[in-house]
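Residue-level listing of the chains:
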Amino acid sequence: MQQQAEAAAPAAVRPVGMVAIIGRPNVGKSTLVNALVGERVSITSRKPQTTRDRVLGVRTDDDAQYIFVDTPGFQRRHRTALNRRMNATVTSALVDVDAVVLVIAASGWTESDEEMLPLLPPESANVILAINKSDLLAEREQLLPLMADSMPRYPFRGIVPVSAERSRQLDDLLKEIRPLLPDGLLLFDAEQYTDRSVRFLAAESVREKAYRLLGDELPYGIAVTIDRWDESRATPQIAATLIVERDAHRPIVIGKDGVKLREISRLARGDIEQMLGKPVFLEVWVRVRRGWSDDARALKSLGYE
Ligand SMILES: Nc1nc2c(ncn2[C@@H]2O[C@H](COP(=O)(O)OP(=O)(O)OP(=O)(O)O)[C@@H](O)[C@H]2O)c(=O)[nH]1
Ligand SMILES: [Mg+2]
């Protein structure tokens, strides 16, 4: 009986599985996950170390469901408790996944990219190399020596140049991944695209705007908490706090006459309104919590378990 039911709905069983996206900071992992999912599930910026948490992005096609695991950029500098936790997030994301996509940039292998290799399973047929930012190359021919240089470094199952920013050659990447996923029932509803709550995405949106607007003056240790989330009114009321590590960082985030903070808040509000599909009231405060990024208790209270 059960077989008959399955035969009547062939799409119910299809390749379904987890795909870890790993790489050094700033290679475009989160941009790639967002492009593959078609929604902004993970924040991005031109600053390294933007992603701090494991975030799932789900893409459901008629012929497969891909659950991408976006991870923080792995790196060995800055040994704070936060960094150690971010690196641990990367290594744990490699456990129990069906496929791994190692992302490098088309500008070529760097020492930080090489540091990724020991994290990969020594012998595995499920690691794909994605060469991102291929749009930055003047000539596509420049990819050939890079691909040749990549081959002896690890037994990659496939090497695929992509441009996450321009959504180019993503199908080629999906085609490499699909055969690695086991047949199964959907793990997420077809319309669900992340495991994260709107509240988490809202906090991340505030952090993203700070990263983007503060550019090079950005103090590294910024965290965001949501202190109020009241959807009982027609216009949801949300209060968030931007936490900085030092007194000197406060005026940087606030800006002259509060201009920066207002802009951060305005842009984040736009994202949240899009998520909720209605206007919201968002206020963003700034608070100093000294040395939080190297303080295990503070990390825990900020949700970085
Ligand atoms: N030109 C170009 N830029 C890209 C591409 N993909 C990502 N970027 C840019 O690279 C920067 C870093 O992108 P992210 O997606 O935040 O990188 P990440 O690897 O997630 O970074 P961390 O979370 O810090 O590890 C951003 O400024 C992106 O816009 C691409 O295909 N082409
Ligand atoms: Mg990222």
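**Quick notes on the coordination of the magnesium ion (ligand 2)**
At 2.0 to 2.1 Å from the magnesium ion (ligand 2) lie its protein donor atoms, namely Ser-30 (OG) and Thr-51 (OG1). With Ser-30 in helix α2 (residues 29-37) and Thr-51 in the loop between α2 and β2 (55-61), this pair connects stretches of sequence that are 21 residues apart.

**A closer look at α2**
Most of α2 sits inside the fold, with eight of its nine residues counted as buried. Within the span of α2, buried status applies to Lys-29, Ser-30, Leu-32, Val-33, Asn-34, Ala-35, Leu-36 and Val-37. In the core, the buried residues of α2 are packed alongside β1 (13-22), β2, β3 (64-70), β4 (99-105) and α6 (170-177). Phi turns positive, to about 80°, at Gly-38, one or two residues after α2.

**Things to note about the site of ligand 1**
In the vicinity of ligand 1, 23 residues are found, and the nearest of them are Lys-29, Thr-31, Gln-49, Thr-50 and Asp-135. Thr-51 places a polar side-chain atom, nitrogen or oxygen, 2.8 Å from an oxygen atom of ligand 1. The backbone of Ala-164 places a nitrogen or oxygen atom 3.0 Å from an oxygen atom of ligand 1. Coverage of ligand 1 by the protein amounts to 91% of the 650 Å² it exposes when considered alone. At three residues, α2 tops the list of elements feeding residues into the shell around ligand 1.

**Notes on the packing of helix α7 (residues 198-214) against helix α9 (residues 259-276)**
It is the contact of α7 with α9, at a shortest axis distance of 9 Å, that shows an interaxial angle of 145°. Here α7 runs over α9; the crossing is right-handed. The segment α7 lies against α9, with Val-198, Leu-201, Ala-202, Ser-205, Val-206, Glu-208, Lys-209, Ala-210, Leu-213 and Leu-214 engaging Lys-260, Glu-263, Ile-264, Leu-267, Ala-268, Asp-271, Ile-272, Met-275 and Leu-276. The residue inventory of the contact of α7 with α9, partitioned by class, reads 13 nonpolar, one polar and five charged.

**Thoughts on the domain arrangement of the chain**
Partitioning the chain into structural domains gives domain 1 (2-185) and domain 2 (198-301). Just the C-alpha atoms count here: the centres of domain 1 and domain 2 sit 28 Å apart. Of the residues lining the interface, 20 residues belong to domain 1; the matching set on domain 2 comes to 22 residues. When the buried surface of domain 1 facing domain 2 is broken down by residue, Ile-43, Lys-47 and Arg-52 rank first, second and third, together holding 36% of it. The tally of links between domain 1 and domain 2 comes to three salt bridges. Counting every contact that joins domain 1 to domain 2 gives nine residue pairs in polar contact (both at pLDDT 80 or more).

**A look at the nonpolar core**
Ranked by internal contacts, the top residues of the largest apolar core, which has 32 residues, are Ile-22, Leu-102, Trp-109, Leu-120, Leu-129, Ile-131 and Phe-156. Top contributing element to this core by residue count: β1, with four residues. Not counting chain neighbours up to four residues away, the residues in contact with Trp-109 comprise Leu-102, Ile-104, Glu-114, Leu-117, Leu-129, Leu-146, Asp-149, Ser-150, Arg-153 and Phe-156. Core analysis: the next-biggest nonpolar cluster, separate from the first, contains 30 residues, Ile-21, Val-103, Ile-128 and Leu-173 among them.

**Quick look at the packing of aromatic side chains**
Under the defined criterion, the tally for this structure stands at three aromatic pairs. Judged by centre distance (5.8 Å) and plane angle (0°), the ring pair of Tyr-66 and Phe-68 falls under stacked. Pair check on accessibility: Tyr-66 and Phe-68 agree, each one buried. Each ring, one from Tyr-154 and one from Phe-156, has its centre 5.2 Å from the other, and the planes form 50°; the classification is tilted. Summarising the burial analysis for this pair, Tyr-154 and Phe-156 share the class buried. For the cation-ring pair, Arg-196 lies above Phe-200, with the distance from its terminal atom to the ring centre recorded as 4.0 Å.

What counts as what
- Residues numbered from 1 in each chain as written.
- Chains lettered and ligands numbered in written order.
- Predicted model: local features only at pLDDT ≥ 70, side-chain atom pairs only at ≥ 80, totals over all residues.
- Heavy atoms only, no water.
- Donors = N, O, S within 2.8 Å, 3.2 Å for Na, K, Ca; no water.
- Helix = DSSP H or I, 4+ residues; strand = E, 2+ residues; numbered from the N terminus.
- Buried < 20%, exposed > 50% of the residue type's maximum accessible area, 1.4 Å probe, protein only.
- Contact = heavy atoms within 4.5 Å.
- Near = heavy atom within 4 Å.
- Polar contact = N/O pair within 3.5 Å; in protein donor to acceptor, adjacent residues only side chain to side chain.
- Areas by Shrake-Rupley, 256 points an atom, 1.4 Å probe, with all protein chains shown as cover.
- Axes fitted to C-alpha atoms, helices over the stretch in contact; angles between N-to-C directions.
- Left-handed = near helix turned anticlockwise from the far one by under 90°.
- Nonpolar A, V, L, I, M, F, W, Y, C, P; charged D, E, K, R; others polar.
- Domains from an automatic or database assignment.
- Buried area = accessible area lost by both parts, 1.4 Å probe.
- Salt bridge = Lys/Arg side-chain N within 4 Å of Asp/Glu carboxyl O.
- Core = buried A, V, L, I, M, F, W, Y, C linked by side-chain atoms within 4.5 Å.
- Phe/Tyr/Trp six-rings, centres within 6.5 Å; stacked < 30°, edge-to-face > 60°.
- Lys NZ or Arg CZ within 6 Å of the ring centre and 35° of its normal.

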